[in-house]
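A closer look at the structure
As a plain string of letters, each chain reads:
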Amino acid sequence: MPAPTVDVMLPFFGDPYLLRRAVRSVQRQDRADWRLTVVDDGYPDDTVGRWFAGLGDDRIRYRRNPQRLGAQGNNRYCIDHVELEYFVMMGADDLMLPHYLDTVLALHDRWPDAAVVQPGVSVMDDRDQAVRPLADRVKSLLAPSGSGPREVAGEDLAVSLLRGNWLYNPSLCWRTAAVRAVTMPESADVFDLALPLQVVAEGGSIVVDDHVCFRYRRHRTSDSGSGAAAGNRFAEERRFFAAEAERMAARGWHRAARAARAHVSSRLNAAVQVPGALLRRDPGALRALGTHLLTR
C-alpha cells in the first residue's frame, strides 16, 4: 500500500446502513493512498463497532466517543485530529464515486497553493434518486460562473459565499496547512460557512470544478431544515453575519461587508419557512422568521 496522503474523516450519528455504504464507497476508490477515520458520536447500535472490527482493512479506523459531542462538536473533533496533507470531512450518508480522490488530488496538484477543492456534485434523495430541489437550484445560481476547473479567491469569493453558501462541504478536499493557518471559528450553527470564510479572508483560494465525482444526499427532513422551520437558527445566523460584516469592513472588503449585512439567501430561507409556520399556526416561529426577514 502507498503511504496515505489524505485523511477521510467521517463523523457519524445516523443510519448504520448508509454509513456502511459511505465506507464502501471510500474502499472502492481508484487510488489507495487514503486513510478513513470514523468517529461515532455514540449512536445507540452496538452492531456498528462489530462491523468495523470485521472489515480487516488497516486503512480504516473506528472510534466511539465516550460522551456525545453533538454534530458540530464531533466535526470539530474530526478536524482537530487530521494528520495528513489533505483531508475530507465526508457525510455519513454521502457517496464518493470511484474517481473522487483521483479528481480532487489532481486539482490540488495543478493548484498546489489552493486551500480547498470543490468538485462537481450530484444530489440524491433518501432512495438514491437524482433530485434538484430549490436549495440546490439556488446553489447552482450562486456558484462562480464558468466551466471546467477554475480558481477563485479574494473579495469576489467572499461576496459570493456571503450571498449564499454554494459549497457542498462533505465533498470538499482541504489542504490541511490552509486550515491549520487560521483560528477555528467558534460558531456552531453556521460552521459550514464560517470555516471557508475564515480561510478566504486569510488569502486562501478555492478550486471549483464541474466534473461530478461525489453524490450528496439531500434528506426530505434534516436537522438544519427542521431548525429553520422552527425559526430557532436565525438569531445565531444574524449574529454570525453581523460579525462577518465587521470583519470584512475592517479588512477593507466593503462589498463583502454589504453582502454580509444583507445575507440575502439566509433571508430567503426564512421566507420559505413562513407558509409552514402559518399552516402550523406557530406564532413563535412566525415572530422569529419575521425578525430575521426585517432586521439588518
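This section reports on the structure supplied with the text. (Residues numbered from 1 in each chain as written. Predicted model: local features only at pLDDT ≥ 70, side-chain atom pairs only at ≥ 80, totals over all residues. Heavy atoms only, no water.)

**Details of helix α13 (residues 283-294)**
To keep it simple, the criterion reads: Each helix is a run of H or I in the DSSP string that is no shorter than four residues. Each strand is a run of E no shorter than two, and both are numbered from the N terminus. Under the convention used throughout, the expected extent of a helix is 1.5 Å for every residue step, that is, one less than its residue count. Exposed residues in this analysis have more than 50% of their type's maximum accessible area, buried residues have under 20%, and partly exposed residues fall in between, with area computed by a 1.4 Å probe over protein chains only. Taking the helix axis as origin, the arc is that swept by the directions to the C-beta atoms. Pairs of N or O atoms are called polar contacts if they sit within 3.5 Å, as long as, within protein, a hydrogen donor faces a hydrogen acceptor (for residues adjacent in sequence, only side-chain-to-side-chain pairs).
Taking 1.5 Å per residue as the helical rise, α13 with its twelve residues ought to reach 16 Å, and the 16 Å between its terminal C-alpha atoms agrees with that figure. Within α13, the full set of buried residues consists of A285, L289 and H292. For α13, the arc enclosing every buried residue in end-on projection is 60°, short of the 170-degree limit, so these residues lie on one face. Turned more than 90 degrees away from the buried face of α13 sit R287 and L294, all of them exposed. The opening residue of α13, the one whose side-chain oxygen lies 3.3 Å from the backbone nitrogen of G284, is D282.

**Considerations on unusual backbone geometry**
Even without a glycine there, the phi angle at D128 is positive, about 70°. The backbone of R281 shows a phi angle near 55°, a positive value even though the residue is not glycine. Following the sequence through the fold, R281 ends up in the loop between α12 (264-280) and α13.

**So, helix α1 (residues 16-27)**
What sets the pattern is the α-helix's 3.6 residues per turn: residues three or four places apart point alike. Condition: Note on definitions: a residue-residue contact is assigned when non-hydrogen atoms from the two residues lie within 4.5 Å.
For α1, spanning twelve residues, the distance from its first C-alpha to its last is 17 Å, which sits close to the expected 16 Å at 1.5 Å a residue. Listed in full, the buried residues belonging to α1 are P16, L18, L19, A22, V23, S25 and V26. Taken together, the buried residues of α1 touch β1 (6-12), β2 (34-40), α2 (47-53), β3 (60-64), β5 (95-96) and β9 (206-217). The residue sitting at the N-terminus of α1 and contributing the capping side-chain oxygen is D15; that oxygen lies 2.8 Å from the backbone nitrogen of Y17.

**Digging into the layout of surface pockets**
We count it as follows: Buried and open spaces are told apart on a 1 Å grid over the protein atoms alone, a cavity being a set of points where a 1.4 Å probe fits but cannot get out and a pocket being an open set with protein on both sides within 12 Å along at least five of seven lines. Residues with an atom within 4 Å of a point are the lining residues. Grid points are joined across faces, edges and corners, and a volume is the space filled by probe spheres set on the points. Polar here means any residue outside two lists: the nonpolar Ala, Val, Leu, Ile, Met, Phe, Trp, Tyr, Cys and Pro, and the charged Asp, Glu, Lys and Arg; Gly therefore counts as polar.
If you add up the space inside the second largest pocket, you get close to 380 Å³. For the second largest pocket, the lining is made up of 20 residues, of which G120, V121, S140, A143 and Y168 are closest to its centre. Grouping the constituent residues of the lining of the second largest pocket by class yields nine nonpolar, five polar and six charged.

Interpretation in functional terms is not warranted from these geometric data alone.
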